[in-house]
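Given next are the chains, with one letter for each unit.
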Amino acid sequence: MTEIIDLSQEIYEGMPVYKDLPQVKMTIHNTHEEWNGIKNPKTKTPAVHKLELGEHTGTHVDAINHMEIQHKGKSIDKMPLSMFYTEGICLDFSHKGLKELIEPKEIEKACKKAGLKIKKGDTVLFYTDHYRKNFNSENWSNGPGITTDSARWLGEKKISAFGVETMSPGVPGISNKEVHHICGELNFTHYENMINLHLLIDKGRFRFIGLPLKIKGGTGSPVRAVAIFEK
C-alpha cells in the first residue's frame, strides 16, 4: 500500500505572506448560473475563480534566480525536474524555540538519532513544530532557522533542497539573506511554509515530490508538496 502525506498549506485570501510580498486575492470570475443563462440569480456558484498571488505564496519553492542578482536567467522553468522529485528525510528540531538557530553539529546529531544519512540529491526537511504552534499568530514570522554554516554544510553534501515550516529558511536579520546566497552559490534550493512534518518523524526515508508550476522566468512557485511511503 502507498501512503501519501500532504505537506502543503491551503491557499486562500487573507493568508499570511512574507513581509511585503503580494497579498492573496480570490474572487469569483464565472458562475454556473451565468453559464446556464440565469438572469439575476439569488445564488452565485463558482465555476471559475480569479487568483492574484505572488510566486512565493504558501508552500513554495525558490528558483535560483531568486537567490541573488548574478543568478539572473536561472528561473524556475529552467531548473531540472529531478530537483523536485527526490528521496527525502525529515529531522526533528521540535525543541527549537522562536528565532533559534540550527547548527551543522545539531543536524548531524538529529541524523544519528533518527538513524538516517543525508545522501546526494536528497530533500532534507526540518520539523520544528512552528506551524502548529504559531501559524497566523504574532509569532508566525519569528520561527527558528538554519545558520549560514548549516546552509553551506547541506550544499556541500549536494542535496537538491531542504524544507522548513517557516516563512524563511534562515532567521531574518541574522542568517536568512546569507542562506539564500549560499543556495544560489551552490545551486540548491529550499521549500518554505511546509506543514504536517510531524507525520514524517521516525518513519525513515520517503519519496518527496514538490513540483513547481512552469512559470516562464519565474523566481519561484507554489507547490503541492507530498511525502510518499511505499508499504
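Look a little higher up for the structure.
Here goes a summary of the coordinates provided. Bear in mind that the values here come from a model prediction, so they are computed numbers and not experimental data. Each chain carries its own residue numbering, running from 1 in the direction its sequence is written. Two thresholds apply to this predicted model, a pLDDT of at least 70 for residue-level local features and 80 or more for giving and counting side-chain atom pairs, whereas whole-chain, interface and lining totals are computed over all residues. As a convention, hydrogens and water are excluded, and side-chain values are obtained from all of the structure's heavy atoms.

DSSP-based pairing: two strands are paired if at least 2 bridges between them are found. Counting from the N terminus, the helices are the DSSP runs of H or I reaching at least four residues and the strands are the DSSP runs of E reaching at least two. Spatially, E1-E13-E11-E5-E7-E9-E10-E4-E12 is the arrangement adopted by the 9 strands of the open sheet, whose pairing is mixed. Of all strands in the sheet, those bounded by a partner on one side alone are strand E1 (2-6) and strand E12 (220-222). Between one strand axis and the next, the sheet turns by 25 degrees as a mean value, whatever way the strands run. As defined by bridge partners, strand E5 (residues 85-92) adjoins strand E7 (residues 123-127) across 5 bridges and the pair is classed as parallel. In the strand pairing of E7, Asp-92 is matched with Tyr-127. Running over the sheet, helix H5 (residues 176-186) touches strand E4 (60-62), strand E9 (161-164) and strand E10 (189-192) and is turned about 135 degrees from E10. Note on geometry: axes are C-alpha line fits, over the in-contact stretch for helices, and angles between N-to-C directions span 0 to 180 degrees. Whether two residues touch is decided by their heavy atoms; if any such pair falls within 4.5 Å, the residues are in contact.

A separate point is helix H4 (residues 148-156). Each residue's exposure class comes from its accessible area (1.4 Å probe, protein chains only) as a fraction of the maximum for that residue type: buried when under 20%, exposed when over 50%, partly exposed otherwise. Listing the buried residues of H4 in full gives Ser-150, Ala-151, Trp-153, Leu-154 and Gly-155. Where H4 is buried, its residues touch strand E6 (101-102), helix H2 (104-114), E7, strand E8 (145-146), E9 and H5. Of the residues flanking the end of H4, it is Lys-158, one or two places downstream, whose phi is positive at about 60 degrees.

What follows deals with the packing of H2 against H4. Packed helices, taken two at a time, are described by their axes: the angle between them and the distance between them. Where H2 contacts H4, the two axes come as close as 8 Å, and the packing angle between them is 55 degrees. It follows from the interaxial angle that H2 and H4 lie oblique. Across the interface between the two elements, Pro-104, Ile-107 and Glu-108 of H2 pack against Asp-149, Ser-150 and Trp-153 of H4. Of the residues belonging to the contact of H2 with H4, the class tally is 3 nonpolar, 1 polar and 2 charged. We call two directions roughly parallel when the angle between them is under 35 degrees, roughly antiparallel when it is over 145, roughly perpendicular when it lies between 65 and 115, and oblique otherwise. For this classification, the nonpolar set comprises Ala, Val, Leu, Ile, Met, Phe, Trp, Tyr, Cys and Pro, the charged set comprises Asp, Glu, Lys and Arg, and every other residue, Gly included, is treated as polar.

With that out of the way, let us pick up unusual backbone geometry. You will see that Asn-187, though not glycine, has its phi angle at about 60 degrees, which is positive. You will see that Asp-202, though not glycine, has its phi angle at about 65 degrees, which is positive. You can see Asp-202 is positioned in the loop between E10 and strand E11 (206-209).

Another point: a nonpolar patch on the surface. Each patch groups residues whose relative accessible area exceeds 30% and which form no salt bridge, using 9 Å between like charges and 5 Å between nonpolar side chains of Val, Leu, Ile, Met, Phe, Trp and Tyr. Areas reported as accessible are Shrake-Rupley estimates using a 1.4 Å probe. Residue values count occlusion only from the protein chains shown. Basic side-chain nitrogens of Lys or Arg form a salt bridge, by our definition, when they fall within 4 Å of a carboxyl oxygen of Asp or Glu. There is a patch of nonpolar side chains on the surface, built from Ile-11, Met-26, Leu-51 and Leu-53 and spanning about 310 Å² of accessible area. Relative to the elements of secondary structure, Ile-11 occurs in the loop between E1 and strand E2 (25-31). For Ile-11, a relative accessible area of 38% corresponds to the partly exposed category.

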